[in-house]
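Close look at the chain arrangement
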Amino acid sequence: QMVPKSWPIALQFHVALLLAMVLIIVIVGETVRSLEADNIRADLEEQDQRSTLLLSAAMLDSVITEDEPLLDSILQQATANVAGLTAITVFNERGEQLATLTKPIIDDDRHIVTQSNPIIFEGDKFGSITIDWNIADKLRRADEHALRVQLYTLLSLLCSGALFSVMFHLLVQRPLDALNDK
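Everything numeric in this text was worked out from a predicted model, so none of it was measured.

On to the pattern of salt bridges, then. Counted according to the given criterion, the structure contains nine salt bridges. Here R33 makes a salt bridge to D143, at a shortest N to O gap of 3.3 Å. In this pair, R33 sits in helix α1 (residues 9-65) while D143 sits in helix α3 (residues 136-181), placing the two residues 110 residues apart along the sequence. Between R50 and E46 there is a salt bridge; the shortest N-O distance is 2.8 Å. Of this pair, R50 and E46 both sit in helix α1, separated by four residues, roughly a single helical turn.

In structure tokens:
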């Protein structure tokens, strides 16, 4: 038996309350992490689409003429301050590499996400752009957010638990003790 019958009712109540709190905190943390991961994926997809559209517009002529020095220059200027971008490669319509830019990976390289999109103008495909995004910082912020939510939940549950414990003592334990004393 998990809870012996010899345990006082107050102890049983407090153990059950504590287990419920732990379960709620774990569920809340995992739910927040899952929601944050979904948001990171959606934000990354949107950022990737924006970057591809901007770069495609800036590089279209250079991709068509396969002007590699100009492509290198455009990549360096256009991606100088793009957070999380670790590498970008431009290919022509035959899949041949025209230009590439690689930035040093500051964070853990296990969190690299690669996105590839075509360069399309008026329905015709002229090549593609492959971008490597490092999402380690975003994942770290998501974990920090989940931890904060868990701590706020813990504080809320501890306050509620203390209130329930006082109410339990006043409304249940005290009357039972009075009956037992008679």
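There's more to say after this.
Here the focus is α3. For α3, which comprises 46 residues, the first-to-last C-alpha distance of 63 Å matches the rise-based estimate of 68 Å (1.5 Å per residue) to within 8%. Within α3, the axis deviates most sharply at H169, by approximately 40°. Listing the buried residues of α3 in full gives A136, A142, A146, Q150, T153, L157, G161, S165, F168 and Q173. Residues of α3 that are buried sit in contact with α1 and β4 (124-134).

As defined by bridge partners, strand β3 (residues 112-121) adjoins β4 across 10 bridges and the pair is classed as antiparallel. Looking at the pairing, F121 lines up with D124 of β4. In textbook terms, the turn of a hairpin is the stretch between consecutive antiparallel strands, and for β3 and β4 this stretch comprises two residues, one of which, E122, has a positive phi near 50°.

Overall, the coordinates contain one aromatic pair when judged by the stated rule. Centroid distance F13 to F168: 4.3 Å. Interplanar angle 5°. Geometry classified as stacked. Residue F13 is found in helix α1, and its partner F168 is found in helix α3; the two are separated by 155 residues along the sequence. Here F168 falls in the buried class, since its relative accessible area comes to 10%.

Attention now goes to the sheet that holds β4. The sheet built from four strands is open, its strands ordered β2-β1-β4-β3 with antiparallel pairing. Both outer strands of the open sheet, β2 (97-102) and β3, are each paired with one neighbouring strand and no more. Along the sheet, successive strands turn relative to each other by an average axial angle of 15°, direction set aside. Relative to β2, strand β1 (residues 85-92) runs antiparallel, the two sharing five bridges.

Conventions and cut-offs
Residues numbered from 1 in each chain as written. Predicted model: local features only at pLDDT ≥ 70, side-chain atom pairs only at ≥ 80, totals over all residues. Heavy atoms only, no water. Salt bridge = Lys/Arg side-chain N within 4 Å of Asp/Glu carboxyl O. Helix = DSSP H or I, 4+ residues; strand = E, 2+ residues; numbered from the N terminus. Expected span 1.5 Å × (residues − 1). Bend = angle between axes of the 7 residues up to and from the residue. Buried < 20%, exposed > 50% of the residue type's maximum accessible area, 1.4 Å probe, protein only. Contact = heavy atoms within 4.5 Å. Pairing = 2+ DSSP bridges. Phe/Tyr/Trp six-rings, centres within 6.5 Å; stacked < 30°, edge-to-face > 60°. Axes fitted to C-alpha atoms, helices over the stretch in contact; angles between N-to-C directions.

So, to be careful, I would describe these as geometric facts and stop short of saying anything about function.
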